[in-house]
Structures are given as C-alpha cells and as structure tokens.
Amino acid sequence: MKLCRFTQAGVTRIGKIVGDAVIDLSGIPGVTGSMRALLTALPDLLDAITAADAPSFALTAVRLEAPINDPQKFLAIGMNYAAHAAEAAASGIPVPTSQLWFNKQVSCISGPEDAVELPLVSDKVDYEAELAVIIGKRCHDVAEADALDVVAGYMVCNDVSARDWQARSPTFTLGKSFDTHGPIGPWITTADEIADPQALTMNLTVNGEPRQNSSTGDMIYAIRQQIAYLTTVMTLEPGDILATGTPAGVGLATGCFLKDGDRVAVTIDGLGTLENRFVAEKRRRIPE
Ligand code: MN
C-alpha cells in the first residue's frame, strides 16, 4: 500500500495511491489528518483502509504533501556507504568507527512538490539521496533479528545539507536542519511491498545529469543494525523517520553545490521519485 498526504480543494487529507489515483481515506472512522496517528492505529484501521475505493481523485489533480509532517524524530546516519565515507574523508570529515547519528530537526520537513530553499546565509547547499525508514511500532531495545518488524514502511528522502554550516560544529545539526531541507516522499510504501529493503537501487540526478547511483545493499550498517543500535538508547515511536545514509557522488566531493533553479530527483526502486526544485531565498524567512 502507498500512503500519502494530499491537498485537494484547499484541504489536506490522508490517502492511498492506487495506479494514477488517490483514494481519500478521511471518511474512515479513526482516520485524522495525522499520518503519525494513522501509523499508530494502523493494525486496527488496516481492513477499512484496504477496502476503501472512494472518493477518488486523479493524482494530477491533487498536490502531494510530505507523507508525514508530524514525526517526533527525524534521525539520520552519516557516512554509511564506504565510497561516500571515503569522499567525505577527503573533504576533512573523519571516518567514524561506530554508527554516527544526528538529528534533522522535524521543522525542516518538506514535501515532494515543495521548493527547497538555498538560504542567503549558505553558499554550499548539497544533496544526499537516501532511503528513509518509517517506524510503525513503539519499540525499545530491539534485537537485530526482530528489527524489521517495527518498520511501517519506506520512502525517498533527500538529506539536504548546508556544508558550510555542517562544518562549523561536530554535531551537524545546524547544517542539516534549515527549513525546507528535509524533503520526503512522494508517499510511504508499506513494508509488506518491499521484499528486501537492502536490495534497492537508488539514483540521484541534478537537472537530469546522473550524480549518485548505488544500492541500499552497499550500506555499512544495515537497517536492522541501525534500529537495534538506536533503540539501545531511545524508544522509537510510530512515525519516526530514519534516514539511512547516502552513497558516493555528493557535491561536497567535487565542490559543485546547488544553484537557483536546479532540479534534484531521487529515485529508489519501488518507492517512486522525489523531485524538488531548489530556489534562492529572497530574504530571510519569517516563520509563519
Ligand atoms: Mn545523510
């Protein structure tokens, strides 16, 4: 199943994607506007969601929004592909000897049809194609063998990074958290549709030009290891997002950063394409 958030006639709702259509799920008792709430209650709602076939809208007639806009956590692992760790090391970022986790603040989330801003205060904005895992069950201290049981689904993520801000402190947080720098989508594909999340090809293009091309099989720490390690420390909740690392080919390695008008497209096997336009910030944003 492919779950989405969409806006039609000025109202944002949760839907499922079937072919070229979006089925509106908002009429199902217990379905609110919150994807986090839906994932929490999914075992109870699954039959009704599976059976739903109306109302239906053409995909081209709706605006797709970030599939989740209210997670409690948006965590990301750094340097989790060997070739990328090597290119980052050449740019002065030490290769970690254990899983390196950082936060993207949840306020950076944006959707598949949103523009991503190039902040006036950065001239080194970069892309990172990543597989994102969405947690489906409240969990703590999960064994590797059981780790995929807590996964609700998968989606595409671009871990947009302001390299100049990232380099200013060892925590990465500021360089990874500018508003709009967490595009996710275009929808969540539920875990039952992905036979092996460690065997998905992924690629990224800038204005159609190939920049990253890899497979999730090249991760240093697999998703199971990531979930086991994280839940040694913290409880994960339905809706939490884990960005699982980017392969080689980022702009940091070549000094080629994103410019006004660039279009960055990330495609992962079975999960769709997340394409965002990058636009220069005109003046410092005033949060709404
Ligand atoms: Mn990343």
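The structure displayed is predicted, hence computed values, not measured ones.

Scoring rules and cut-offs
- Residues numbered from 1 in each chain as written.
- Predicted model: local features only at pLDDT ≥ 70, side-chain atom pairs only at ≥ 80, totals over all residues.
- Heavy atoms only, no water.
- 1 Å grid on protein atoms, 1.4 Å probe; cavity = no way out; pocket = protein on both sides within 12 Å on 5 of 7 lines; lining within 4 Å.
- Points joined across faces, edges and corners; volume = space filled by probe spheres on them.
- Helix = DSSP H or I, 4+ residues; strand = E, 2+ residues; numbered from the N terminus.
- Domains from an automatic or database assignment.
- Pairing = 2+ DSSP bridges.
- Axes fitted to C-alpha atoms, helices over the stretch in contact; angles between N-to-C directions.
- Core = buried A, V, L, I, M, F, W, Y, C linked by side-chain atoms within 4.5 Å.
- Buried < 20%, exposed > 50% of the residue type's maximum accessible area, 1.4 Å probe, protein only.
- Contact = heavy atoms within 4.5 Å.
- Salt bridge = Lys/Arg side-chain N within 4 Å of Asp/Glu carboxyl O.
- Buried area = accessible area lost by both parts, 1.4 Å probe.
- Polar contact = N/O pair within 3.5 Å; in protein donor to acceptor, adjacent residues only side chain to side chain.

*Asks:* Mind showing me how you'd approach the layout of surface pockets here?
*Replies:* Empty space among the atoms becomes apparent when a probe as large as a water molecule is rolled across them. Put simply, the second largest pocket is a space of about 300 Å³. Taken together, 15 residues make up the lining of the second largest pocket; nearest its centre are Leu42, Leu46, Val151, Ala152 and Asp192. Listing elements by their share of the lining of the second largest pocket, those giving two or more residues are α1 (35–51) and β12 (151–158). The dominant element in the lining of the second largest pocket, judged by the number of residues it contributes, is α1, at four residues. The two domains that each donate at least three residues to the lining of the second largest pocket are domain 1 (2–64) and domain 2 (74–280).

*Asks:* Looking at this structure, I do not really get the sheet that holds strand β16 (residues 209–215). What am I missing?
*Replies:* Adjacent strands of a sheet pair through backbone hydrogen bonds, lying either parallel or antiparallel. The five strands lie next to each other as β9-β19-β18-β15-β16, forming an open sheet whose pairing is mixed. Each having just a single partner strand, β9 (116–118) and β16 make up the two edges of the open sheet. Sheet twist, expressed as the average angle between the axes of neighbouring strands with direction ignored, equals 20 degrees.

*Asks:* So what exactly am I meant to see when it comes to the nonpolar core here?
*Replies:* Note on soluble globular proteins: their nonpolar side chains tend to be buried together. Residues Leu131, Tyr154, Ile227, Leu242, Leu258, Leu271 and Phe278 are the most contacted members of the largest nonpolar core, which totals 38 residues. Broken down by secondary-structure element, the contributors of at least two residues to this core are β6 (74–78), β9, β11 (129–135), β12, β15 (201–206), α4 (223–233), β18 (263–268) and β19 (272–280). Per element, the largest residue contribution to this core is four residues, and it comes from β11. Those residues within four positions of leucine 258 in sequence are excluded, and the remaining contacts are Leu118, Val125, Asp126, Tyr127, Val206, Val264 and Phe278. Ile23, Ala66, Ala243 and Val250 belong to the second-largest nonpolar core, a separate cluster that totals 37 residues.

*Asks:* Which parts of the structure should I look at to understand the pattern of salt bridges?
*Replies:* Pairing is possible between side chains that carry opposite charge, provided their charged atoms lie close to one another. Overall, the coordinates contain 15 salt bridges when judged by the stated rule. With a closest N to O distance of 3.7 Å, lysine 124 and aspartate 123 form a salt bridge. Residue aspartate 123 is classed as exposed on the basis of its relative accessible area of 58%. Ionic pairing is found between arginine 263 and glutamate 275, a salt bridge with its closest N-O pair at 2.9 Å. Placement of arginine 263 in strand β18 and of glutamate 275 in strand β19 is noted, with a sequence separation of 12 residues between them.

*Asks:* Is there a simple way to explain the pairing of β18 in this structure?
*Replies:* Consecutive side chains along a regular strand alternate between the two faces of the sheet. Here β15 pairs with β18 via five bridges, running antiparallel. Its bridge partner lying in β18, valine 206 is registered against valine 264. Joining the antiparallel neighbours β18 and β19 is a turn of three residues, in which glycine 270 adopts a positive phi near 80 degrees.

*Asks:* I would appreciate a short explanation of the domain arrangement of the protein chain in the present structure.
*Replies:* Note: interface size is frequently given as the accessible area lost on complex formation between the parts. By domain assignment, the protein chain separates into domain 1 (2–64) and domain 2 (74–280). Computed over C-alpha atoms, the centres of domain 1 and domain 2 are 25 Å apart. Listed per partner, the contact involves 11 residues of domain 1 and 16 residues of domain 2. For the domain 1 and domain 2 pair, buried surface summed over both sides reaches about 1100 Å², with 60% attributable to carbon and sulfur atoms. Summed over the three residues of domain 1 that lose the most area to domain 2, namely Lys2, Leu39 and Leu64, the buried surface amounts to 52% of that side. Taken together, domain 1 and domain 2 are joined by two salt bridges. Across the domain 1-domain 2 interface, the total number found is four residue pairs in polar contact (both at pLDDT 80 or more). Contributing elements (two or more residues each) for the side of domain 1 that touches domain 2: β1 (2–8), α1 and β5 (63–65). Here the side of domain 1 that touches domain 2 gets four residues from one element, more than from any other, and that element is α1.

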